[in-house]
Structures are given as C-alpha cells and as structure tokens.
Amino acid sequence: MARKPREYGPSGIYHVVIRGNNNQNIFFSDQDKIFFKEQMKKYAQELEIEIYAYCLMSNHVHILIGNSNKTMSKFMQKLETSYAKKFNRKYERHGHVFNDRFLSKNIDDDERFKTVIRYILQNPMKAGMCDNNEYLSDKLLVPEKVFYEKYNNKSYLLTKSVH
C-alpha cells in the first residue's frame, strides 16, 4: 500500500518528530548534538525554514518549524542524511539511523502553537536531562524572541509572516 502524500497546512507551521531506528539512541555525545544543531541551522538557512523551538532527546528530536514555501521534506531529507552519514562513519556502523519517515503535524491556531512550544521546551526537563536554565541558555537555534513573545501572550500565526 502506498503511503499518503505529506499534507501541508495553510499556516506553514509544523511540529516535526524524528525517531531513532528501533527507538535506539541517536545521540551519544555532546559533539553529536552540536553537529546535528549545526546541520539543522545550515539547512534551515539554505531552505528558508524558520526554527521556532527544538529539543534533542536521546532517541528522538522535536522541531517546531515554519515553512511557507513547502521545502520541509527537502529540509528533513538533507538534515537526516547528513547526520546519518556522519553518525555511521563516526561509530563505524551502517544502515538506518532514523526510523521510517518523519512525522509532521500542522499547527493551525495560536493556542496549539503555544502548547507545542511549551511541550518541546519542557520535554528535556521533564525527562530529567537538564534543568530549565541550562536548556533555555542554548541559543544556537532557538530565537530569543520566541521566549519573549511567549510570555507576552502575542499571537503567532495571525501576526507572524513566516518565510
């Protein structure tokens, strides 16, 4: 049975999740995470993807992205392929690093957007991976304005032009 084509919503904002193959860990060191974040930043800039929030768990990743030009699949392909090649080379292995295709859910209203941001940002803390200050101080990708606007209760989807 053929899989359904990816659905793109009118907001252009998506909660994306990728998981390790067989739920195996995909990050074994801080260097792995740094490389993944650098690749995420590189391809986000190249393909005009806006990163609103992300979290890197040991066996999966959450990313909240803005993608009005529908390059999300290309972004994920480049990100996953570049990471898998480096990961397999570094750990002298071969085969799939990520399980199946990535999951993406359209975010279609402001309340859902805020809920997903909170969920993503709290995920590592709830899992006991770090404390709040440690995670929020990582400014490689998460724009400072997201945290500022979150607490000022501004509208995201109705006032933000994603490009």
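These lines cover the structure that appears in this document, whether it is placed above or below. (Residues numbered from 1 in each chain as written. Predicted model: local features only at pLDDT ≥ 70, side-chain atom pairs only at ≥ 80, totals over all residues. Heavy atoms only, no water.)

### Some thoughts on helix α3 (residues 110-126)
- Spanning 17 residues, α3 covers 23 Å between terminal C-alpha atoms, matching the ideal 24 Å at 1.5 Å per step.
- Asp110, Phe113, Lys114, Val116, Ile117, Ile120, Leu121, Asn123 and Pro124 are the residues of α3 that are buried.
- The backbone nitrogen of Glu111 has a side-chain oxygen 3.1 Å away, supplied by the residue at the start of α3, namely Asp109.
- A positive backbone phi angle near 75° is found at Gly128, which sits one or two residues after α3. (Helix = DSSP H or I, 4+ residues; strand = E, 2+ residues; numbered from the N terminus. Expected span 1.5 Å × (residues − 1). Buried < 20%, exposed > 50% of the residue type's maximum accessible area, 1.4 Å probe, protein only. Polar contact = N/O pair within 3.5 Å; in protein donor to acceptor, adjacent residues only side chain to side chain.)

### Some remarks on the pattern of salt bridges
- For the coordinates displayed, the defined rule picks out two salt bridges.
- Residue Asp32 is joined to Lys90 by a salt bridge in which the shortest nitrogen-to-oxygen separation is 2.8 Å. Separated by 58 residues along the polypeptide, Asp32 in helix α1 (residues 30-46) and Lys90 in helix α2 (residues 72-90) bring together distant segments of the chain.
- For Lys90, a relative accessible area of 38% corresponds to the partly exposed category.
- Residue Glu46 pairs with Lys78 through a salt bridge whose shortest N-O separation is 2.3 Å. Of the two residues, Glu46 sits in helix α1 while Lys78 sits in helix α2, which places them 32 residues apart along the sequence.
- Exposure remark for Glu46: the relative accessible area of 41% places this residue in the partly exposed category. (Salt bridge = Lys/Arg side-chain N within 4 Å of Asp/Glu carboxyl O.)

### Concerning the pairing of strand β3 (residues 60-66)
- When you tally the buried positions in β3, you get seven out of seven residues, the bulk of the element.
- In this sheet, β3 lies alongside strand β1 (residues 13-19) in antiparallel orientation, the contact comprising seven bridges. Residue pairing across strands places Arg19 opposite His60, the latter belonging to β3.
- Looking at chain direction, strand β2 (residues 50-56) and β3 are connected through six bridges and run antiparallel. Bridging across to β3, Ile51 finds its partner in Ile65.
- The hairpin turn running from β2 into β3, its antiparallel successor, is three residues long. (Pairing = 2+ DSSP bridges.)

### As for the packing of α1 against α2
- One can describe the packing of α1 onto α2 by two numbers: an axis separation of 9 Å at closest approach and a directional angle of 150°. Relative to α2, the element α1 is oriented roughly antiparallel. The handedness of the crossing between α1 and α2 is right-handed. Taking contact as the criterion, the partners of Gln31, Asp32, Phe35, Phe36, Gln39, Met40, Tyr43, Ala44 and Glu46 in α1 are, on α2, Phe75, Lys78, Leu79, Ser82, Tyr83, Lys86, Phe87 and Lys90.
- Its residues assigned to classes, the contact of α1 with α2 comprises nine nonpolar, three polar and five charged. (Axes fitted to C-alpha atoms, helices over the stretch in contact; angles between N-to-C directions. Parallel < 35°, antiparallel > 145°, perpendicular 65-115°, else oblique. Left-handed = near helix turned anticlockwise from the far one by under 90°. Contact = heavy atoms within 4.5 Å. Nonpolar A, V, L, I, M, F, W, Y, C, P; charged D, E, K, R; others polar.)

### Focus on the side chain of Arg6
- Note that Arg6 resides in the segment before β1.
- One buried charged residue, Arg6, remains without a salt bridge, the closest side chain of opposite sign being Glu80 at 7.4 Å.
- A polar contact of 3.1 Å, which involves the side chain of Arg6, links it to the backbone oxygen of Phe102.
- A polar contact of 2.9 Å, which involves the side chain of Arg6, links it to the side chain of Ser104.
- When neighbours within four sequence positions are excluded, Arg6 is seen to be in contact with Met72, Ser73, Arg101, Phe102, Leu103 and Ser104. (Lys, Arg positive; Asp, Glu negative; His and termini not counted.)

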